[in-house]
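# Working through the structure, step by step
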Amino acid sequence: MIDVLIIGAGPAGLSAAIYVERSGKHAVCLESLTVGGQIVNTPEISNYPGIKQTSGFEFSMALYEQATELGAEVNYEKAVKIEKVGEDKASGFMVTTESGKTYAAQTVIIATGAKNRHLGIDKEEVFTGKGISYCATCDGAFFKKKDVAVAGGGNTALEDALFLSNYCNKVYVIHRRQEFRGEPQILNVLKEKENISFVLDSTVEELKGESSLEAVVVKNKVSGELTEIPVQGLFIAIGQEPDNADFANEVQLDEKGYIAADESCYTKTPGIFVAGDCRTKLVRQLTTAASDGAVAALAACAYIMED
């Protein structure tokens, strides 16, 4: 039986693995995509205490190497179900993966993070990878000297627009409101860029193209007017959503799908803990994910040592 099974190998999951191994217990991480989570695509990290500057990839690889060198394992499997085995504490949990494999664990830490939110319109899935992207830093270079659009009004959207302005001929920023939620400093920089145009009070209503994206149709929420904007790329940056639905039988989810837990990282089920962006919290940052990982790991190890 595994001491601590960690679902997810992002900053929260890998930080948890480090603390589990340093506590003399064994950790196994199940990761459905790639180690590091979404931070792996961030070109520059400059807000993590003690590290002046690094890339998301370098940070993620350092975490991975630190955890595995201590003895943690990372298996590339998507966990889809958690079941309590029996009534007694020693029975632990059975975690089933998408492939049908099962893992027996004394405790479980859910660290699934959050995924990019989609627009939910026709052809979005069809054009994903064929003009539509959710990561400007990953795919921006493919649109060099082309016209693109960014949908969103938060920091991520503004940062994406700024990044793309260095590669693309024209960048349209499409936002459903008149005011932006992002930092004013970034917005002021964007306003000075000659190749950036703002399309405000508007939403993307339609995607056009044959084999790839050729244009977006936006609707002005005030006038109701529809406008077609020729673009070869659309970068969607409208927020994130958690991926916790598979575990609703063992943990409590709030109305947005986040796992209900406070700073202790305890869930409603003894022996199951949660860490990182997938839990209810006000601040979702790299530092808070790492902090959650440490707290959840120590709580899981203390749970094992009880009695």
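Here's a quick rundown of the structure. All values derive from a computational prediction rather than experimental measurement. (Residues numbered from 1 in each chain as written. Predicted model: local features only at pLDDT ≥ 70, side-chain atom pairs only at ≥ 80, totals over all residues. Heavy atoms only, no water.)

## Some remarks on the overall build of the protein
Regarding its fold elements, the protein presents seven helices and 17 strands. With the principal axes as the frame, the protein shows a C-alpha extent of 65 × 40 × 35 Å. Counting only residues that meet the buried cut, the protein has 48% of its 307 residues in that class. Long-range contacts, defined as pairs at least 24 residues apart, comprise 58% of the intrachain contacts of the protein with a sequence gap of at least 6. Element-wise, carbon and sulfur atoms account for 48% of the exposed surface of the protein, whose accessible area totals about 15,100 Å². (Helix = DSSP H or I, 4+ residues; strand = E, 2+ residues; numbered from the N terminus. Buried < 20%, exposed > 50% of the residue type's maximum accessible area, 1.4 Å probe, protein only. Contact = heavy atoms within 4.5 Å. Areas by Shrake-Rupley, 256 points an atom, 1.4 Å probe, with all protein chains shown as cover.)

## What to know about the packing of helix 5 (residues 155–164) against helix 6 (residues 184–191)
Running from amino to carboxyl end, helix 5 crosses helix 6 at an angle of 30 degrees, the nearest separation of the two axes being 10 Å. Regarding the angle of helix 5 to helix 6, the classification is roughly parallel. Seen along the crossing, helix 5 lies across helix 6 with a hand that is left-handed. On helix 6, the residues touching Asn-155, Leu-158, Glu-159, Ala-161 and Leu-162 of helix 5 are Ile-186, Leu-187, Val-189 and Leu-190. (Axes fitted to C-alpha atoms, helices over the stretch in contact; angles between N-to-C directions. Parallel < 35°, antiparallel > 145°, perpendicular 65-115°, else oblique. Left-handed = near helix turned anticlockwise from the far one by under 90°.)

## Thoughts on the layout of surface pockets
By volume, the second largest pocket amounts to about 150 Å³. If you go around the second largest pocket, the residues you meet are Ser-15, Ile-18, Tyr-19, Tyr-48, Phe-59, Leu-63, Gln-66, Ala-290 and Ala-294. When contributions to the lining of the second largest pocket are tallied by element, the ones reaching two or more residues are helix 1 (11–22), helix 2 (56–70) and helix 7 (286–305). Per-class residue counts for the lining of the second largest pocket are seven nonpolar, two polar and no charged. (1 Å grid on protein atoms, 1.4 Å probe; cavity = no way out; pocket = protein on both sides within 12 Å on 5 of 7 lines; lining within 4 Å. Points joined across faces, edges and corners; volume = space filled by probe spheres on them. Nonpolar A, V, L, I, M, F, W, Y, C, P; charged D, E, K, R; others polar.)

## Remarks on the pairing of strand 14 (residues 226–230)
Where strand 13 (residues 213–220) and strand 14 come together, five bridges link them in antiparallel fashion. Bridge pairing in strand 14 places Lys-219 opposite Leu-226. From the end of strand 13 to the start of strand 14, which pair antiparallel, there are five residues, and Gly-224 there has a positive phi angle of about 80 degrees. (Pairing = 2+ DSSP bridges.)

## Let's talk about the nonpolar core
Within the largest apolar cluster, 33 residues are counted, with the highest numbers of intra-cluster contacts made by Val-4, Ile-6, Ala-17, Ile-109 and Phe-273. When contributions to this core are tallied by element, the ones reaching two or more residues are strand 1 (2–7), helix 1, strand 2 (27–30), helix 2 and helix 7. For Phe-273, the contacting residues outside a window of four places in its chain are Thr-107, Val-108, Ile-109, Ile-110, Cys-265, Tyr-266, Thr-267, Ala-296, Ala-299, Ala-300 and Tyr-303. In terms of nonpolar packing, the next biggest core, distinct from the first, is built from 20 residues, Leu-5, Ile-7, Val-28 and Cys-278 among them. (Core = buried A, V, L, I, M, F, W, Y, C linked by side-chain atoms within 4.5 Å.)

## Re the packing of helix 1 against helix 2
Between helix 1 and helix 2, the least distance of the axes is 9 Å, while the angle of their chain directions is 25 degrees. If you check the angle between helix 1 and helix 2, you find them roughly parallel. Two packed elements cross with a definite hand, and for helix 1 against helix 2 that hand is left-handed. For the pair helix 1 and helix 2, the contacting residues are Pro-11, Leu-14, Ser-15, Ala-17, Ile-18, Glu-21 and Arg-22 in the first and Ser-60, Leu-63, Tyr-64, Gln-66, Ala-67 and Leu-70 in the second.

## A short note on the pattern of salt bridges
Inspection of the entire model under this criterion finds seven salt bridges. Across the salt bridge formed by Lys-78 and Asp-243, the nearest N and O atoms sit 3.3 Å from each other. One end of the pair, Lys-78, is in the loop between strand 3 (73–75) and strand 4 (79–84); the other, Asp-243, is in the loop between strand 16 (240–242) and strand 17 (272–274), and 165 residues separate them in sequence. What makes Lys-78 partly exposed here is its relative accessible area of 25%. With a relative accessible area of 28%, Asp-243 lands in the partly exposed category. Residue Lys-89 pairs with Glu-306 through a salt bridge whose shortest N-O separation is 3.3 Å. With Lys-89 in the loop between strand 4 and strand 5 (93–97) and Glu-306 in the segment after helix 7, this residue pair connects regions lying 217 residues apart in the sequence. The class of Lys-89 is partly exposed, set by a relative accessible area of 23%. For Glu-306, a relative accessible area of 43% translates into the label partly exposed. Taken together, the shared-partner salt bridges in this structure form one network comprising Glu-263, Arg-279, Lys-281 and Asp-292. (Salt bridge = Lys/Arg side-chain N within 4 Å of Asp/Glu carboxyl O.)

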